[in-house]
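# Remarks on the overall topology
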Amino acid sequence: MRVLVVGSGGREHAICWKLAQSPKVTELFCAPGNGGIAQVATCVDVKATDVPGMVAWAKEHHMDFVMVAPDDPLAMGMVDALEEAGIPAFGPRANAAIIEASKAFSKELMAKYHIPTAAYATFTELDKALAYIEEQGAPIVVKADGLALGKGVVVASTVEEAKQAATEMMADKKFGESGSTVVIEECMVGPEVTVLAFADGKHVVPMPASQDHKRAFDGNQGPNTGGMGAISPPPQYTSEIAKQCMEEIFQPTIDALQAEGRPFHGVIYFGLMLTPKGPRVVEYNARFGDPECQVVLSLLDTDLMDVLQACVDGTLDQLDIQWKKEAGCVLVLASGGYPLDYKKGYPISGLEEAGKTSVVFHAGTALKDGQYVTNGGRVLGVTTTAPTLEEAISNAYEAGKHISFTDMHFRTDIGHAF
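What comes next is a walk through the structure. (Residues numbered from 1 in each chain as written. Predicted model: local features only at pLDDT ≥ 70, side-chain atom pairs only at ≥ 80, totals over all residues. Heavy atoms only, no water.)

### As for the overall build of the protein
Note the threshold: Each helix is a run of H or I in the DSSP string that is no shorter than four residues. Each strand is a run of E no shorter than two, and both are numbered from the N terminus. Only C-alpha atoms enter the radius of gyration, while the globule expectation follows 2.2 Å times N to the 0.38, with N the number of residues. Each residue is placed in one exposure class: buried if its accessible area under a 1.4 Å probe, protein chains only, is under 20% of its type's maximum, exposed if it is over 50%, and partly exposed if it falls in between. The contact criterion used throughout is that any non-hydrogen atoms of two residues lie within 4.5 Å. In these tables, accessible area is a Shrake-Rupley quantity obtained with a 1.4 Å probe, and a residue counts as shielded only by the protein chains included in the view. The convention is simple: Lys and Arg are positive, Asp and Glu are negative, and His and the chain ends are not counted. In plain terms, the charge of a residue is placed at NZ if it is Lys, CZ if Arg, CG if Asp and CD if Glu.
The number of helices and strands found in the protein is 13 helices and 23 strands. For a compact globule of 418 residues, the expected C-alpha radius of gyration is about 22 Å, and the protein comes in at 20 Å, within 12% of that figure. With respect to the three principal axes, the spread of C-alpha positions in the protein is 55 × 45 × 40 Å. When each of the 418 residues of the protein is scored for burial, the buried share is 56%. For the protein, long-range pairs separated by at least 24 residues make up 69% of all intrachain contacts whose partners lie at least 6 apart in sequence. If you sum the accessible surface of the protein, you get close to 16500 Å²; carbon and sulfur atoms cover 51% of it. Charge separation in the protein, taken as the distance between the mean sites of 33 positive and 53 negative side-chain charges, equals 1 Å.

Quick look at the structure:
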């Protein structure tokens, strides 16, 4: 099979790395890819958001299957366009990807189908949003309705902070049109976990749970990022909680989308808060989370191509997906200043040595004159698996010690800051 993966980050590197292991995949391409992805796939110079361009390239080069990984092209209908062109594609169609593309939609869906989540209100007018914040008090959560690269959520500890967040989103257009509508929620408390799940429209198969570390600095301090590291499985996610989530959240969500005429084929991301009153949905994503994808796919023992095909074909219930009986950790090495201002183009050393004891997924790198250089905020994901979680964490940090680049920044408490 000739397979194309759409995207260019650490998530896409992990997907390509896993697909490259499949005997069914004879040729693998990635658009646009990055320096590291070029080790396992042929990189193609087409932007991930160029829907007509991607469809044209896939047709011209006779792709047998396309895996659309990032949120933007899913929301823009890339899967719909590929299917219309007769090319099998993995990922939700636009009418199902809205579960991530509009937080207002997802909250309304949960309310209608009694899926547990935080109490909320939706606003399109700033003065009403500010009045609601004043009335509710803090702590309180302010979310941009649309896609904002994982940064459109502010957990405000004061009323002033919440008002500032709402003003920046709605009036200052910090996230463009994504912040024209805001969702304001009660602030839930408890450990936060991620469960990624495969779905084929009717059936849902959860992957091992993971735990992402969003804040930039140790002790969960600093601004929200796209993720500074992750572990799997998190110790707080017990088999009892997993059963409850399957019955109250996972299957009901897939059933709700099907009932709404929006069958979900692809990977659905359940961001969960384990509150004193039970698990609640924090957010949905319509694709693999990053960096959770890197650690979870490292634990997958089944051919990923078989799983992707089953999701598209609606035969997920006929597939026995196997996972390693191990734990995993991914440590993100980021550019200094990320997620705010940072510089690019710094040479990276130590990749070969680190690769002897870990898998190093490239998120923001480029290959220039045979040398890998930094080319993004999150640069690398050093990923390890081991019999125990503590070993996996220790091994990731040991492997990470070999890598260096100017102003390299990472958290020292991945797996220990809950």
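### Details of the environment of Ala38
Position of Ala38 among the secondary structure elements: in the loop between strand S2 (27–32) and strand S3 (42–43). By relative accessible area, which is 43% here, Ala38 ends up partly exposed. Here the alpha-carbon distance between Ala38 and Pro88, two residues 50 residues apart in the chain, equals 24 Å.

### Digging into the sheet that holds strand S11 (residues 204–206)
To keep it simple, the criterion reads: Should DSSP find at least two bridges between two strands, the strands are regarded as paired. Think of each axis as a best-fit line through the C-alpha atoms, taken over the contacting stretch in the case of a helix, with angles from 0 to 180 degrees between the N-to-C directions.
Pairing in this open sheet of four strands is antiparallel, and the strands run S11-S10-S16-S17 from one edge to the other. The open sheet has two edge strands with one neighbour each: S11 and strand S17 (278–285). The average angle at which neighbouring strand axes cross in this sheet is 35 degrees, direction not considered. Inspection of the sheet shows strand S10 (residues 192–200) paired to S11 by three bridges, in the antiparallel sense.

### With respect to the packing of helix H1 (residues 10–19) against helix H11 (residues 304–313)
In plain terms, the rule: Oblique is the label for any angle not under 35 degrees, not over 145, and not in the 65 to 115 range, which are roughly parallel, roughly antiparallel and roughly perpendicular in turn. Charged means Asp, Glu, Lys or Arg here, nonpolar means Ala, Val, Leu, Ile, Met, Phe, Trp, Tyr, Cys or Pro, and polar covers whatever is left, Gly included.
At their nearest, the axes of H1 and H11 sit 8 Å apart, and the two run at 110 degrees to each other. In terms of axis orientation, H1 runs roughly perpendicular to H11. For the pair formed by H1 and H11, the contact residues are Ile15, Lys18 and Leu19 on the first element and Leu304, Met305 and Leu308 on the second. Here the residues of the contact of H1 with H11 sort into five nonpolar, no polar and one charged.

### Quick word on helix H6 (residues 103–112)
Of all ten residues making up H6, seven are buried, and the element is well covered by its neighbours. Three or more residues of H6 are buried, namely Lys103, Ala104, Phe105, Ser106, Lys107, Leu109 and Met110. Positive backbone phi, at 55 degrees, marks His114, one or two positions downstream of H6.

The values reported here are purely geometric and, on their own, carry no functional implication.
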